[in-house]
Amino acid sequence: MINAASPIIGDKEKKLTAEVLSSKMLASGKYVKDFEAAFAAYCGAKFAIANANGTTALHTALLTAGVKAGDKVITTPFSFIATSNSILFCGAKPIFCDIDPETFNIDPVLLEESLKKEKNVKAVIIVHLYGLPCNMDAILKLKKKYKFKLIEDACQAHGAEFKGKKVGSFGDASAFSFYATKNMTTGEGGATLTNDASSEKYARQIINHGRDGHSTFTVLGYNYRMTNIAASIGIVQLEQLEGWIKKRISNADKYNEAFKDLKFLKTPIVPLHTRHVFHQYTVRVKPKERESFMSYLKDNGVGCGVYYDCVLYNQPFYKKLGYKNGLCPQAQQAAKEVVSLPVHPSLSKADIEKVIKTVLSYKGCL
Ligand SMILES: *Cc1c(COP(=O)(O)O)cnc(C)c1O
């Protein structure tokens, strides 16, 4: 079976992790500092604050942007649930805005409509879904006009670029995840990025019980810290990230070329001026076709997945909060049609050929 995702852990990770274990500095320490500096530099942001995971990194980002109880925060319903849960954890209200069906990302035109209608929106969380950057020209124009705080959920988009600039460096703050299946991993882990020095200071307090100095606690904080063990894995992973991204892009190019004339399947687009890092290679098929297409792939040894088969506001917990079905029709349609094929960097040439052959032979196209 060709797995849909597969973390790569090599000897260098094992060696550095062994050093941390021998040093007995298991919690905070030098490796966390080094990883933060390296990751901020890679993303072109001033500060990175290492976190326990991507969800805490998002929560931290929202708090540094001043999101508090009663505030309105606009986001996409076509994402992982941590995106909107982090808004609820601030006591704020998620407002869902539909996606552009071509990119799967929040639609800037609809975002402006929503900003006009809602008034006094405190913040917007954009998600660079599957590794494709949002249209940052359009989003930054809206930020200037409507003066909201911009948070980037870059949990799937390490190394993605818009007009040559890395995602995670555009907003007031951003969040990355280093979960096992992301484009790089620390097991569990995350990072909040910001270019603002006072936000950095506040973020460091949030992740460390609100501590200001040794035994003084001046704000409400939690323990959202990353361990030295996780950071040591991250340091080695980051060194390899660019090579892995290039493999993902090259794998995606091969699929795009092979599938371009298929009638039953729509390949992902890469808009001008964007670097898509293909956390997922996601195609669309007709809703009625999806189950049989996926069974065919799996029966023939090709793993695949659906991200996501339900929009966030239709999850039982959100229904209980009063959100109504039908709010964002494009996102709901995408949820019925998307299928992600294996695109990760450990796929061999033979694996890629097998995925292509299997997709083409569905419906006898081969
Ligand atoms: C993975 C992910 C998160 C959460 O990250 P964790 O590290 O799993 O907490 C948030 N948003 C998106 C879009 C993600 O893909």
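Up top is the structure.
What counts as what
Here the residue index of a chain counts from 1 through its sequence in written order. For this predicted model, a pLDDT threshold of at least 70 governs which residues receive local features, and a threshold of 80 or more governs which side-chain atom pairs are given and counted, while totals over whole chains, interfaces and linings are taken from all residues. Based on all heavy atoms of the structure, the side-chain values leave hydrogens and waters out of the count. Elements are defined by DSSP. Helices are runs of H or I of four residues or more, strands are runs of E of two residues or more, and each kind is numbered from the N terminus. Summary of the distance rule: residues count as near a molecule or strand when at least one heavy atom falls within 4 Å of that molecule or strand. N or O atoms closer than or at 3.5 Å make up a polar contact, with two conditions inside protein: a donor-capable atom paired with an acceptor-capable one, and, for residues adjacent in sequence, both atoms drawn from side chains. In these tables, accessible area is a Shrake-Rupley quantity obtained with a 1.4 Å probe, and a residue counts as shielded only by the protein chains included in the view.

Draft legend 1. Spotlight on unusual backbone geometry. With an omega dihedral of 15°, the bond running from Y307 to Y308 counts as a cis peptide bond. Mapped onto the elements of the fold, Y308 is located in the loop between α9 (287-299) and α10 (316-320). A positive phi angle, near 50°, is found at K163, a position not held by glycine. By the secondary structure assignment, K163 is in the loop between β6 (161-162) and β7 (165-166). With phi around 50°, F278 is a residue other than glycine that occupies positive phi space. If you trace the backbone, F278 turns up in the loop between β10 (274-275) and β11 (281-284).

Draft legend 2. Seen up close, the site of the ligand. Close to the ligand lie 14 residues, the nearest being G54, T55, D153, S177 and K182. Between T55 and the ligand, the recorded distance is 2.5 Å, taken from a side-chain N or O atom to an oxygen atom. The separation between an oxygen atom of the ligand and a polar side-chain atom of Q156 is 2.9 Å. Bound to the protein, the ligand loses 92% of the 380 Å² it would expose on its own. Mapped onto the shell around the ligand, the elements with two or more residues apiece are α3 (54-64) and α4 (82-89).

These figures come from the coordinates and say nothing about function on their own.
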